[in-house]
Amino acid sequence: MPLEGYRVDDRLVHGQVVVGWGQPLDLAFLVVVDDALAESPWEQELYKMAAPPELQVSFRTVSDAAAQHAGWASDARPGLLLTADVDTMARLVRQVPAIRRVTLGGLHAAPGRKERLTYVFLDPADHDRLQSLASEGVEIVAQDVPGTRPAPLAEWIGS
């Protein structure tokens, strides 16, 4: 069974991912891709505390995740790959052409970001990265929780 999804959520491992996505998808593992976090064991422990003990949580750099992607994609257990930002996901997608769909979750307000949906705020660089990925054939959708309809990029990206 392939990975159940590739999600961008700036909160990474938190209740909405663990309960909202983890339970309906019956996730067995989460892969958090973040270059700095992959090098910080104490921060990793903080994130692991948000997950139930039966949910395996691992932390990888972009290059490590690209190298290990085939193994996760062929794992019999369902998993979810997370990044905290669009840039990290875009770098991973460009190294792993098998990633054909990305879901945006919580990308919250910050200086320089413009609201696109109530839970998606983008700065100009993220806007351009998403447009570029879409032009390369990657399906980009926004979906805060599994029960809502995935919103295709073209419906909300704007200019």
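Structure shown above.
Residues numbered from 1 in each chain as written. Predicted model: local features only at pLDDT ≥ 70, side-chain atom pairs only at ≥ 80, totals over all residues. Heavy atoms only, no water.

### Concerning the packing of helix α4 (residues 86-95) against helix α5 (residues 124-135)
What counts, and what does not: Between the N-to-C directions of two axes lies an angle of 0 to 180 degrees, each axis being a line fitted to C-alpha atoms and, for a helix, fitted only over the stretch in contact. Strands are runs of DSSP state E lasting at least two residues, helices are runs of H or I lasting at least four, and both sets are numbered from the N terminus onward. Any angle that is under 35 degrees is reported as roughly parallel, and any over 145 degrees as roughly antiparallel; angles of 65 to 115 degrees are reported as roughly perpendicular and all others as oblique. By convention, the crossing between two helices is left-handed when the near helix turns anticlockwise from the far helix through less than a right angle, and right-handed when the turn is clockwise. The criterion used for residue contact is that any of the two residues' heavy atoms lie within 4.5 Å. The classification used treats Ala, Val, Leu, Ile, Met, Phe, Trp, Tyr, Cys and Pro as nonpolar, Asp, Glu, Lys and Arg as charged, and all other residues, Gly among them, as polar.
Running from N to C, α4 and α5 cross one another at 25°; their axes reach a closest spacing of 10 Å. Taken together, the axes of α4 and α5 lie roughly parallel to each other. For the crossing formed where α4 meets α5, the hand is left-handed. Residues Val86, Asp87, Ala90, Val93 and Arg94 of α4 lie in contact with α5, whose contacting residues are Asp126, Arg129, Leu130, Ser132 and Leu133. The class makeup of the residues in the contact of α4 with α5 is five nonpolar, one polar and four charged.

### So, the side chain of Gln44
Rules: Classification of residues uses two cut-offs on accessible area relative to the type maximum, computed with a 1.4 Å probe and protein chains only: under 20% is buried, over 50% is exposed, and between them is partly exposed.
Considering the arrangement of structural elements, one finds Gln44 in helix α2 (residues 41-48). In this structure Gln44 comes out as buried when scored by relative accessible area, which is 13%. Sequence-distant contacts of Gln44, that is, excluding residues within four places in its chain, are made with Leu37, Ala38, Glu39 and Phe59.

### Here's the deal with the pairing of strand β2 (residues 29-33)
What counts here: Two strands qualify as a pair provided DSSP detects at least 2 bridges between them. Orient the strands so they point away from the viewer, and a crossover whose first-strand-to-second-strand path over the helix runs clockwise is right-handed.
Summarising burial for β2: five of the five residues are buried, a large majority. Neither face of β2 is left uncovered, since the one carrying Phe29, Val31 and Val33 and the one carrying Leu30 and Val32 both have all their residues buried. Note: β2 against strand β3 (residues 56-60), five bridges, orientation parallel. Within β3, the residue paired with Phe29 across the bridge is Gln56. Handedness of the crossover is the feature at issue here: the chain leaves β2, passes through α2, returns alongside β3, and the resulting connection is right-handed. Pairing of β2 with strand β4 (residues 79-83), which is carried by four bridges, proceeds in the parallel orientation. Counted as the bridge partner of Phe29 is Gly79 from β4.

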